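Working through the structure, step by step
Chain by chain, the residues run as shown.
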Amino acid sequence: MPEKPQEAEVPEVMLATETAAPKRGAEEDKAGLLAVHVIRAVGVKRIFYLGGEPVNALRGVDLSVKRGEYVSIMGPSGSGKTTLFNMIGGLDKPDQGHVYIDEVDVAALDTFELAWLRCHKIGYIFQTFNLIPVASAIENVMFPMLFAGTTQAEAQQKAAELLKRVGLGARIFHKPVALSGGQQQRVAVARALANDPAIVLADEPTGNLDLHTGEEIIRMLEGLKEDFHVTVMSATHDHKMLAASDRVVYLSDGAISHIKRREELDIKFGTLQGDDKGVG
Amino acid sequence: MSSSADSGSDRAESLHGRIGHQVQLPFVNAVRIAWRNIRVRLARSLLVTSGIILALAFLTYILCSDSLARNIAEQGQTRYVEQLLKQGILADLGDADARVQTWWLVGLALLVSFVGILNAMLLSVTERFKEIGTMKCLGALDGLIVQLFLLESTFQGVVGTAIGITIGVLLTLVEGMGLYGATMWTLVPVGNMAALVGICLLAGTGLTIVGALYPAWRAAKMQPVDAMRAEI
């Protein structure tokens with residue numbers, strides 16, 4: 001395990017400018033120590049009001065994710081997985097606490113910076129694929145690149161390469177309706193990687209897929225994590241999908257109940273496939 | 001994968017790049033996307049466009065035939081004046097009540113087409129909640145969303161208006177031929193009618209853009225989370 005950065009030196013609240021920590025991080029990275037926490041949630045609380053009644057979606061979540069880690073968030077529906085994902089993805093802001101992406105407080109970003117963050121730093125994969133229905137597979141993958149200012153030709157070339165990488169080389173001009181669920185999710189994976197993000201957030205990526213296809217997607221994510229040096233955070237409530245995880249964070253009723261490392265998982269589950277008894 | 005397979009240190013360094021400022025999508029790309037959206041939903045687009053065509057054809061016809069009749073009367077073509085009076089056309093020119101009535105009709109036609117556009121664009125926004133949310137997740141700025149909806153509406157507006165105006169002018173001329181015969185061609189107030197066509201063009205296009213403003217604004221202001229959670 002790489003050396004941990006001295007967390008004490010990282011200030012609690014850090015704005016988008018002039019702090020020494022990320023610089024130091026860069027130096028560490030050059031030295032091959034990719035150990036800086038790319039995601040840091042500190043005391044994140046979020047309250048929703050449903051019909052006037054407050055619902056504590058998150059009750060103070062502390063979580064740090066290292067660069068290159070594959071973290072699965074496990075928990076029943078309603079446990080706050082999606083809320084936590086939205087916070088980390090810069091789609092929502094905590095009522096209390098802070099979310100840092102590369103040590104930048106997401107809450108401190110303006111609209112343009114948030115859009116930039118979503119475009120460049122984060123790749124999203126959704127349960128329902130969320131491809132643009134009127135656009136072909138390659139156009140879907142090109143969208144984030146065009147938003148990032150890449151030229152049409154460059155975006156096209158890279159999108160084609162990415163689709164080939166996820167095994168869809170022959171179907172790049174198909175519209176989403178002409179693709180199976182697994183193929184659509186592959187397009188979504190390619191799209192998530194389009195701008196070389198630091199983090200891929202996958203919210204129940206296998207939720208709408210059958211077991212076999214779901215496993216394929218998870219294996220692919222695991223492989224891509226290595227190839228693209230991305231940090232993967234994946235939410236699931238399916239024990240079978242934990243195989244690729246370095247760590248599994250169990251979320252229950254808006255709080256982290258416990259965290260397991262890969263080694264502990266192995267002991268618990270024996271083989272990670274087909275065993276549905278698990279924790280919980 | 002040339003750009004993603006940078007050397008390790010470059011890659012690591014880029015990961016630590018500061019949060020940047022999202023750039024505007026070049027206008028030509030926005031046009032391309034909007035154009036495709038129309039093409040894909042062609043049937044709906046044609047429905048909206050047909051409303052604009054009808055309203056603008058009516059407006060153009062009223063304005064141009066009015067202008068033609070006035071011109072003929074002013075040129076002192078007495079043999080036509082009698083006919084115009086008989087047909088009630090010239091009387092309308094002086095008859096304030098009849099004119100008000102005509103303008104009411106024109107106003108209503110425009111209002112109907114305006115409401116049609118508003119409705120179609122709101123529907124278009126509603127059925128694309130998820131798409132808008134996804135676009136925002138991928139880094140689309142609010143401005144782009146507004147641009148897309150306004151462009152879409154403008155395409156429909158310009159095409160509908162152009163067709164509507166053509167129909168209106170043709171109607172005026174065909175009717176003129178019937179009423180005044182071939183000499184009508186010497187009496188067409190070309191300059192005046194060109195100006196009227198210009199006004200109709202502005203009115204039609206303006207109407208569609210104004211009708212799309214609120215739906216576009218609503219789409220852009222939507223938070224991505226809400227947009228994607230929305231069940232339709």
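What counts and how
- Residues numbered from 1 in each chain as written.
- Chains lettered and ligands numbered in written order.
- Predicted model: local features only at pLDDT ≥ 70, side-chain atom pairs only at ≥ 80, totals over all residues.
- Heavy atoms only, no water.
- Helix = DSSP H or I, 4+ residues; strand = E, 2+ residues; numbered from the N terminus.
- Buried < 20%, exposed > 50% of the residue type's maximum accessible area, 1.4 Å probe, protein only.
- Contact = heavy atoms within 4.5 Å.
- Areas by Shrake-Rupley, 256 points an atom, 1.4 Å probe, with all protein chains shown as cover.
- Pairing = 2+ DSSP bridges.
- Axes fitted to C-alpha atoms, helices over the stretch in contact; angles between N-to-C directions.
- Salt bridge = Lys/Arg side-chain N within 4 Å of Asp/Glu carboxyl O.
- pLDDT = per-residue confidence, 0-100.

1. Brief notes about the overall build of chain B
- Secondary structure summary: chain B contains 11 helices and zero strands in total.
- From first element to last, N terminus to C terminus, chain B shows the α and β order α-α-α-α-α-α-α-α-α-α-α.
- Within chain B, buried positions represent 46% of all 232 residues.
- For chain B, the share of sequence-separated contacts (at least 6 apart) that also reach a separation of at least 24 residues comes to 87%.
- As presented, chain B carries roughly 11300 Å² of accessible surface, and 67% of it is formed by carbon and sulfur atoms.

2. Quick look at the sheet that holds strand β4 (residues 96-101) of chain A
All names here are of chain A.
- Strand order in this open sheet of four strands is β2-β1-β4-β5, and the pairing throughout is antiparallel. What marks the edges here is a single partner per strand, and that holds for β2 (53-66) and β5 (104-105).
- Sheet analysis places strand β1 (residues 37-50) next to β4, joined by five bridges and oriented antiparallel. Across the sheet, R40 pairs through a bridge with Y100, a residue of β4.
- In the packing of helix α2 (residues 81-88) onto the sheet, contacts are made with β1, β2 and β4, and the angle to β2 comes to roughly 60 degrees.

3. As for helix α4 (residues 137-147) of chain A
- With 10 of 11 residues buried, α4 of chain A lies mostly within the body of the structure.
- Among the residues making up α4 of chain A, those that are buried are A137, I138, N140, V141, M142, F143, P144, M145, L146 and F147 of chain A.
- Residues of α4 of chain A that are buried make contact with α3 (111-121), α5 (152-165) and α6 (181-192) of chain A together with α2 (27-40), α7 (129-137) and α8 (142-180) of chain B.
- Following α4 of chain A by one or two positions, G149 of chain A has its phi on the positive side, about 95 degrees.

4. Structural notes on the environment of L193 of chain A
All names here are of chain A.
- Among the secondary structure elements, L193 is positioned in the loop between α6 and β7 (199-203).
- On a C-alpha basis, the gap between L193 and V141 in space is 8.6 Å, while along the polypeptide they are 52 residues apart.
- Ignoring anything within four residues of it in the chain, the contact list for L193 reads K158, L162, V200, L224, F228 and V230.

5. Examining the pattern of salt bridges
- Throughout the structure, instances matching the rule amount to 24 salt bridges over all chains.
- Residue R262 of chain A is joined to D246 of chain A by a salt bridge in which the shortest nitrogen-to-oxygen separation is 3.6 Å. With a gap of 16 residues between them, R262 of chain A in helix α8 (residues 262-269) and D246 of chain A in the loop between β8 (231-236) and β9 (247-252) connect regions that are remote in the sequence.
- When its relative accessible area of 28% is taken as the criterion, R262 of chain A is described as partly exposed.
- On the accessibility criterion, D246 of chain A (22% relative accessible area) is partly exposed.
- Here E127 of chain B makes a salt bridge to R41 of chain B, at a shortest N to O gap of 3.4 Å. Note that E127 of chain B is positioned in helix α6 (residues 96-127) and R41 of chain B in the loop between α2 and α3 (42-74), a separation of 86 residues in sequence.
- Taking the relative accessible area as the measure of exposure, R41 of chain B reaches 15% and is therefore buried.
- One continuous salt-bridge network, built from bridges that share partners, spans R219, E222, K225, E226, D246 and R262 of chain A.

6. Some points on the sheet that holds β7 of chain A
All names here are of chain A.
- Strands sit in the order β6-β7-β8-β3-β9-β10 across an open sheet of six strands; the sheet is mixed. Of all the strands in the sheet, the pair left with one neighbour each is β6 (122-125) and β10 (255-261). Mean inter-strand twist for the sheet, computed between neighbouring axes without regard to direction, equals 20 degrees.
- In terms of strand pairing, strand β3 (residues 70-74) meets β8 through five bridges, oriented parallel. Counted as the bridge partner of Y70 is V232 from β8.
- In the packing of helix α7 (residues 211-228) onto the sheet, the strands contacted are β3, β6, β7 and β8, and the crossing angle to β3 comes to about 145 degrees.

7. Details of the environment of L209 of chain A
- By the element assignment, L209 of chain A lies in the loop between β7 and α7.
- With sequence-adjacent residues up to four places away left out, L209 of chain A is seen in contact with F129, G181, G182, Q185, G214 and I217 of chain A.

8. Quick notes on the confidence of the model for chain A
Residue and element names in this part refer to chain A.
- When the pLDDT values of chain A are averaged, the result is 82; 82% of them are 70 or greater.
- Here residues 1-35 scores under 50 on pLDDT; set against residues more than four positions off or in separate chains, the count is 52 contacts.
- Long-range and interchain partners of residues 267-280, a stretch whose pLDDT sits below 50, account for 23 contacts in this model, where long-range means more than four residues apart.

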